[in-house]
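One letter stands for each residue in the lines below.
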Amino acid sequence: MGEVDTILTSLELKQRIDVCPDDLVILDVSIVPPPADGQDAYNKQHLPGAIYFDQRRSVPATRLIPFSLPDPVKLQEYLRTLGINNDSHIVLYDRDFTLPDLLTNANARIWWLLKAHGITRVSILTGGLRKWLADGYPTTDVIPHPKPGSVTVQFNPSLWLTYPEMVDLVAKGDTQIVDTREPRYFKGEADEPSEPSTLALEAFDLLDDVHIKQGHMPGAKNLPFFNIINWDTYCIKTKEELEQMFKAHGVDPSKPIVSTCYIGYTACSIALATHLLGHDHTRVYYVSIHVLHRVHSLLHCSSHPSAGTRPHSCLLCKYPRATSGTQPAPLP
């Protein structure tokens, strides 16, 4: 069982499909804007042999964390129903959306989610369904019924940060923080949630009435998630292009990075980009800005050494730091 390429072209995947290897599992991980449904879109058209991956399965949502990490046991059970084994080669793809900025975010998120649970034989179809069709390859409406798999997941806490850890990191100021939101949200010139975040939240029935102009974390640099895409081809950028992208935004991909966004979703694009450059030390703050404005950032709690002067109760006062190797308890 060897390593697999993180990025596959349409031709490379078509060649794999033609060989019909037993270890190949293709997952449609699309999020479709309401009122449409990802499962319905999949049922009508998908890649030959592809199975629909429902991101709502085994991923509990809370008031504070719309896209929480799954219970490893439930995730394992779900992945087994998709026919996934420990030696499976998983290929992820998504489809075109109303907002092109959403393209590949689902891929990056699920790639990171699987990696965070010890599943590393995962590839992404660059350009997704749009490029597959543009290259002249077929789709189908035939739904496969895989035999149950036997994959075993193992949660890796080193790939993500909790809220208290994020606050401590900001206070120390010695780690690169990359905010993947659009510049107007990063600068506090527009209220969150953004249109892409709104569509994602609506797709999961998690949209609420919170619209707060919050700017960004102190010391953060802005590298919008859509910069990892070459919009001429809708494919993920080459290594050379990614290197230039990081340099243009003042980020060193060879040094530790924490990536953030609004709901812990598009932040995964930076983890993917640094991985493609051979660096696997990017950590995702998976609860992201959504939690910071919901609980009033610790940066404004007078009990914290890096705080401002405005007193607030904060999450760190209420919850102890998560210990390494444990799964975080759901927030209220």
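Up top is the structure.
Here is a short report on the structure shown in this document.

Cut-off values and rules
- Residues numbered from 1 in each chain as written.
- Predicted model: local features only at pLDDT ≥ 70, side-chain atom pairs only at ≥ 80, totals over all residues.
- Heavy atoms only, no water.
- Pairing = 2+ DSSP bridges.
- Helix = DSSP H or I, 4+ residues; strand = E, 2+ residues; numbered from the N terminus.
- Buried < 20%, exposed > 50% of the residue type's maximum accessible area, 1.4 Å probe, protein only.
- Contact = heavy atoms within 4.5 Å.
- 1 Å grid on protein atoms, 1.4 Å probe; cavity = no way out; pocket = protein on both sides within 12 Å on 5 of 7 lines; lining within 4 Å.
- Points joined across faces, edges and corners; volume = space filled by probe spheres on them.
- Nonpolar A, V, L, I, M, F, W, Y, C, P; charged D, E, K, R; others polar.
- Axes fitted to C-alpha atoms, helices over the stretch in contact; angles between N-to-C directions.
- Parallel < 35°, antiparallel > 145°, perpendicular 65-115°, else oblique.
- Phe/Tyr/Trp six-rings, centres within 6.5 Å; stacked < 30°, edge-to-face > 60°.
- Lys NZ or Arg CZ within 6 Å of the ring centre and 35° of its normal.
- Salt bridge = Lys/Arg side-chain N within 4 Å of Asp/Glu carboxyl O.

### Things to note about the sheet that holds strand β2 (residues 24-28)
Next up, step 1: Judged by pairing direction, the sheet is parallel, and its five strands sit side by side in the order β1-β5-β4-β2-β3 without closing on themselves. Only two strands of the sheet have a single neighbouring strand rather than two, namely β1 (7-8) and β3 (51-52).
Next up, step 2: The pairing of β2 with strand β4 (residues 89-93) spans five bridges and is parallel. In the strand pairing of β4, Asp28 is matched with Tyr93.

### Brief notes about the environment of Leu27
Next up, step 1: Summarising the element assignment, Leu27 is placed in strand β2.
Next up, step 2: For Leu27, a relative accessible area of 0% gives the class buried.
Next up, step 3: Aside from chain neighbours lying at most four places away, what touches Leu27 is Ile51, Phe53, Leu82, Ile84, Ile90, Val91, Leu92 and Tyr93.

### Let's talk about the sheet that holds strand β7 (residues 221-222)
Next up, step 1: Strand order in the open sheet formed by four strands is β7-β6-β10-β11, with parallel pairing between adjacent strands. Strands with a single pairing partner mark the edges of an open sheet, and in this sheet they are β7 and β11 (282-284).

### Topic: the layout of surface pockets
Next up, step 1: A volume near 470 Å³ is recorded for the largest pocket.
Next up, step 2: Along its surface, the largest pocket is lined by 20 residues, and Pro21, Asp22, Asp23, Leu24 and Val25 are the ones closest to its centre.
Next up, step 3: Considering each element in turn, the lining of the largest pocket owes the most residues, three residues, to β2.
Next up, step 4: The class makeup of the residues in the lining of the largest pocket is twelve nonpolar, five polar and three charged.

### Describing the packing of helix α4 (residues 105-115) against helix α10 (residues 268-276)
Next up, step 1: Put simply, α4 and α10 touch, their axes get as near as 8 Å, and they point 75 degrees apart. By the angle between their axes, α4 is roughly perpendicular relative to α10. Between α4 and α10, the contacting residues are Ala108, Arg109, Trp111, Trp112 and Lys115 on the first element and Cys268, Ser269, Ala271, Leu272 and His275 on the second.
Next up, step 2: Considered class by class, the residues forming the contact of α4 with α10 number six nonpolar, two polar and two charged.

### Quick look at the packing of aromatic side chains
Next up, step 1: Under the defined criterion, the tally for this structure stands at six aromatic pairs.
Next up, step 2: With a centroid separation of 5.4 Å and an interplanar angle of 70 degrees, the aromatic rings of Phe225 and Phe226 are classed as edge-to-face.
Next up, step 3: For Arg130, the ring lying beneath its charged end belongs to Tyr234, and the centroid distance is 3.8 Å.

### Let's talk about the pattern of salt bridges
Next up, step 1: Under the defined criterion, the tally for this structure stands at eight salt bridges.
Next up, step 2: Residue Arg95 is joined to Asp28 by a salt bridge in which the shortest nitrogen-to-oxygen separation is 2.7 Å. In this pair, Arg95 is assigned in the loop between β4 and α4 and Asp28 in strand β2, connecting sequence segments 67 residues apart.
Next up, step 3: Asp28 sits in the buried class, given a relative accessible area of 0%.
Next up, step 4: Through salt bridges that share partners, Arg16, Asp23 and Arg121 make up one connected network.

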